[in-house]
2 protein chains.
Amino acid sequence: MKKKLSVNHSEICKTRITAIKDTMEILSGKWKFHILGTLLETDRMRFMDLLREVEGIGSKMLSKELQDMEINHLVTRTVQQTKPITVVYEVTEYGKTLGPIIDEIAKWGISYRSSLHSPRDRETA
Amino acid sequence: MKKKLSVNHSEICKTRITAIKDTMEILSGKWKFHILGTLLETDRMRFMDLLREVEGIGSKMLSKELQDMEINHLVTRTVQQTKPITVVYEVTEYGKTLGPIIDEIAKWGISYRSSLHSPRDRETA
DNA sequence: TGCATTGGTTTCCTTTTGGAAACTACTTTC
DNA sequence: GAAAGTAGTTTCCAAAAGGAAACCAATGCA
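Below is a short write-up of the structure. Throughout, a residue's number is its position along its own chain's written sequence, starting from 1. All chains are assigned letters beginning with A, and all ligands numbers beginning with 1, in the order in which they are written. A pLDDT threshold of at least 70 governs which residues receive local features in this predicted model, and a stricter bar of 80 or more applies before side-chain atom pairs are shown or counted, although totals over entire chains, interfaces and linings include all residues. Water and hydrogen atoms play no part in the side-chain values, which are based on all heavy atoms of the structure.

Thoughts on the sheet that holds strand β3 (residues 86–91) of chain B
Sheet strands pair via backbone hydrogen bonds, and the direction of the pair is either parallel or antiparallel.
Residues and elements named next belong to chain B.
So, step 1. At least two bridges found by DSSP between two strands are what make those strands a pair. For helices the rule is a DSSP run of H or I covering at least 4 residues; for strands it is a run of E covering at least 2, with both sets numbered from the N terminus onward. Reading across from one edge, β1-β3-β2 is the order of the three strands in this open sheet, with antiparallel pairing throughout. Each end of this open sheet is capped by a strand with a single partner; those strands are β1 (44–46) and β2 (75–80). Here the average twist between neighbouring strands, direction ignored, is 25°.
So, step 2. Here β1 runs beside β3; their pairing, made up of three bridges, is antiparallel. Directly across from M45, in β3, lies its bridge partner Y89. Orientation is described by lines fitted to C-alpha atoms, with helices fitted over the stretch in contact, and by angles between N-to-C directions that extend from 0 to 180 degrees.

As structure tokens, this is what we get:
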């Protein structure tokens, strides 16, 4: 038993681990979940609205993150020929498939907050 | 209508957005999902096994990420008085509540891979 | 005429992140 | 007595991420 058969279960999980890496790469950065969470609730928003709504973000970051997500087909960018030109962003149907992830993350975060008040939950279960 | 009532739905989502930020802060960094994904499948692993299993990670990062997660009660560290001292890490019951998130992320990543082969799915739905 | 708003881009800078390699210390094995 | 395995820590460095502020072009409003 010199050489470790480092993994027995490995073959099964490789796919899973790769999948996790893929997803997290697409959703990387400080703001994507935040932007998506916001956009998923309103369905369509203009750039300046997002800038105001996603608190703390600057225009550079917002612009960059939206571009990333557009490239990955998660959101669409539509220019509207209004008086001062406006641009609306919306989550694609494909982007909406991220809904369950965001939901789980939000759910966990909420119960995390609760557990801060009654830390016993975190200790024992 | 001079002043934008920037948000109407805001109050409801604030909690949600905060929850998303909380969760993502705890799971920040390049490796936590990866480590957790690995650890959730095996239940207990030694440091060197993780180092081998989580491909690409170095000992510095592994050590730091494990410490972060220990602080947040997601994993436990147990020293075992074996011949050369060994240390086992395992996901706590509390850490296991992250399971659904990891599952959704893995699920999405897997179907993302598929959609790369038939990109039509990503375009139309 | 001048200021505000729209949707960005660009520049400059700081902070954070992360990796490679060396080193520690202890034990077992060759 | 040298090598190798245990579990890390430390140092040094490069790259990436992110923020603040300035800038731009077009248009509307007063």
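A word on the relation of the copies chain B and chain A
Mapping one chain copy onto the other needs a rotation about an axis and a shift along that axis.
So, step 1. What sets the superposition is a least-squares fit of C-alpha atoms, and only residues with pLDDT of at least 70 in both copies go into it. With an RMSD of 0.0 Å, chain B superimposes on chain A once it is rotated by 180° and translated 0.0 Å along the axis. Given the turn and translation reported, the copies of this chain are related as if by a two-fold rotation axis. Within chain B, the C-alpha atom positioned nearest to the axis of rotation is that of B:I101, 3.1 Å from it.
So, step 2. Any two residues whose heavy atoms approach within 4.5 Å are treated as being in contact. Here 100% of the interface residues in chain B have copies in chain A that are interface residues too; the copies meet face to matching face.

Concerning the pattern of salt bridges
So, step 1. By definition here, a salt bridge exists when the distance from a side-chain nitrogen of Lys or Arg to a carboxyl oxygen of Asp or Glu is within 4 Å. The full count for this structure, using the stated rule, is 25 salt bridges over all chains.
So, step 2. The structure contains a network of salt bridges with shared partners spanning A:K32, A:K64, A:E65 and A:D68.

Focus on the protein's contact with DNA strand D
So, step 1. Taken together, the neighbourhood of DNA strand D is formed by 21 residues, with A:K30, A:K60, B:M48, B:S63 and B:R77 sitting nearest.
So, step 2. When we say a residue is near a molecule or strand, we mean one of its heavy atoms is within 4 Å of it. Close to the protein, within 4 Å, the atoms of DNA strand D are drawn from sugar and phosphate at a rate of 73%.
So, step 3. Pairs of N or O atoms are called polar contacts if they sit within 3.5 Å, as long as, within protein, a hydrogen donor faces a hydrogen acceptor (for residues adjacent in sequence, only side-chain-to-side-chain pairs). Here a phosphate oxygen of DNA strand D sits 2.4 Å away from a polar atom, N or O, in the side chain of B:S63.
So, step 4. B:V87 places a main-chain nitrogen or oxygen 3.1 Å from a phosphate oxygen of DNA strand D.
So, step 5. Within the residue set of the surface near DNA strand D, elements represented by two or more residues are α4 (59–71) of chain A together with α3 (47–53), α4 (59–71) and β3 of chain B.
So, step 6. Lys, Arg, Asp and Glu make up the charged group, whereas Ala, Val, Leu, Ile, Met, Phe, Trp, Tyr, Cys and Pro make up the nonpolar group; the residues left over, Gly among them, are polar. The residue inventory of the surface near DNA strand D, partitioned by class, reads eight nonpolar, five polar and eight charged.

Concerning the protein's contact with DNA strand C
So, step 1. Around DNA strand C, the surrounding shell holds 22 residues, and the nearest of these are A:M48, A:S63, A:R77, A:Y89 and B:K60.
So, step 2. Among the atoms of DNA strand C close to the protein, meaning within 4 Å, 72% are from sugar or phosphate groups.
So, step 3. In the environment of DNA strand C, a sugar or linking oxygen lies 3.5 Å from a nitrogen or oxygen atom belonging to the backbone of A:I85.
So, step 4. Here a phosphate oxygen of DNA strand C and a side-chain polar atom of B:W31 are 3.2 Å apart.
So, step 5. Within the residue set of the surface near DNA strand C, elements represented by two or more residues are α3 (47–53), α4 and β3 (86–91) of chain A together with α4 of chain B.
So, step 6. The greatest single-element share of the surface near DNA strand C, amounting to four residues, is contributed by α4(A).

Some thoughts on the pairing of β3(A)
All names here are of chain A.
So, step 1. Buried residues are those whose accessible area, probed at 1.4 Å on protein chains only, stays under 20% of the maximum for their type, while exposed residues exceed 50% and partly exposed ones sit between those limits. For β3, the tally of buried residues reaches six of six residues, placing the bulk of the element in the interior.
So, step 2. Neither face of β3 is exposed, since T86, V88 and E90 on one face and V87, Y89 and V91 on the opposite face are all buried.
So, step 3. Of the pairings in the sheet, the one linking strand β1 (residues 45–46) to β3 comprises two bridges and is antiparallel in character.
So, step 4. Summarising the sheet, strand β2 (residues 75–80) and β3 pair through six bridges and their orientation is antiparallel. Paired with V79 across the strands is V87, a residue of β3.
So, step 5. Between β2 and β3, which pair antiparallel in sequence order, lie five residues.

It is worth stressing that arrangement in space is one thing and function is another; only the former is reported here.
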